[in-house]
Amino acid sequence: MFYEITVRKEGETKEQMYRRLSKEREERAKRYQNKRRRELAQSILRLTGEWLYKSLRIIIAAAAAAIVEIWLKDILK
């Protein structure tokens, strides 16, 4: 849980203090939201990269199998 300490700066009215605190709260929320967006983007990129890597391995294995099959057919003729 988050507790906010409300301290007025020298010469600041209550309304100014509440406006300042509200603005600080919004800035904190934006930073947190940006952090979550970055983390989400990184996880999507990581998953996409893993999927591409696995797909390429399968494609390369299939191509290698096809090449070996053609090579064996030529040898066994």
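To be clear, the structure that these remarks concern was listed above.
Since this is a predicted model, take the numbers as computed values, not measurements.

Undergrad: Could you clarify how one ought to interpret helix α1 (residues 14–76) in this entry?
TA: Each α-helix winds once per 3.6 residues, and so residues spaced three or four apart point in a common direction. Taking 1.5 Å of rise per residue, 63 residues should cover 93 Å, and α1 covers 92 Å from first to last C-alpha, within 8% of that figure. Of all the residues in α1, the buried ones are Met 17, Arg 20, Leu 21, Ser 43 and Ser 55.

Undergrad: Mind showing me how you'd approach the environment of Glu 10 here?
TA: When you line up the elements, Glu 10 lands in the segment before α1. The class for Glu 10 is exposed, based on a relative accessible area of 85%.

Undergrad: Could you clarify how one ought to interpret a nonpolar patch on the surface in this entry?
TA: On the surface, a nonpolar cluster with roughly 540 Å² of combined accessible area is contributed by Val 68, Trp 71, Leu 72, Ile 75 and Leu 76. Mapped onto the fold, Trp 71 is located in helix α1. Since its relative accessible area comes to 53%, Trp 71 is described here as exposed.

Scoring rules and cut-offs
Residues numbered from 1 in each chain as written. Predicted model: local features only at pLDDT ≥ 70, side-chain atom pairs only at ≥ 80, totals over all residues. Heavy atoms only, no water. Helix = DSSP H or I, 4+ residues; strand = E, 2+ residues; numbered from the N terminus. Expected span 1.5 Å × (residues − 1). Buried < 20%, exposed > 50% of the residue type's maximum accessible area, 1.4 Å probe, protein only. Patch = residues over 30% accessible without salt bridge, like charges linked within 9 Å, V, L, I, M, F, W, Y side chains within 5 Å. Areas by Shrake-Rupley, 256 points an atom, 1.4 Å probe, with all protein chains shown as cover. Salt bridge = Lys/Arg side-chain N within 4 Å of Asp/Glu carboxyl O.

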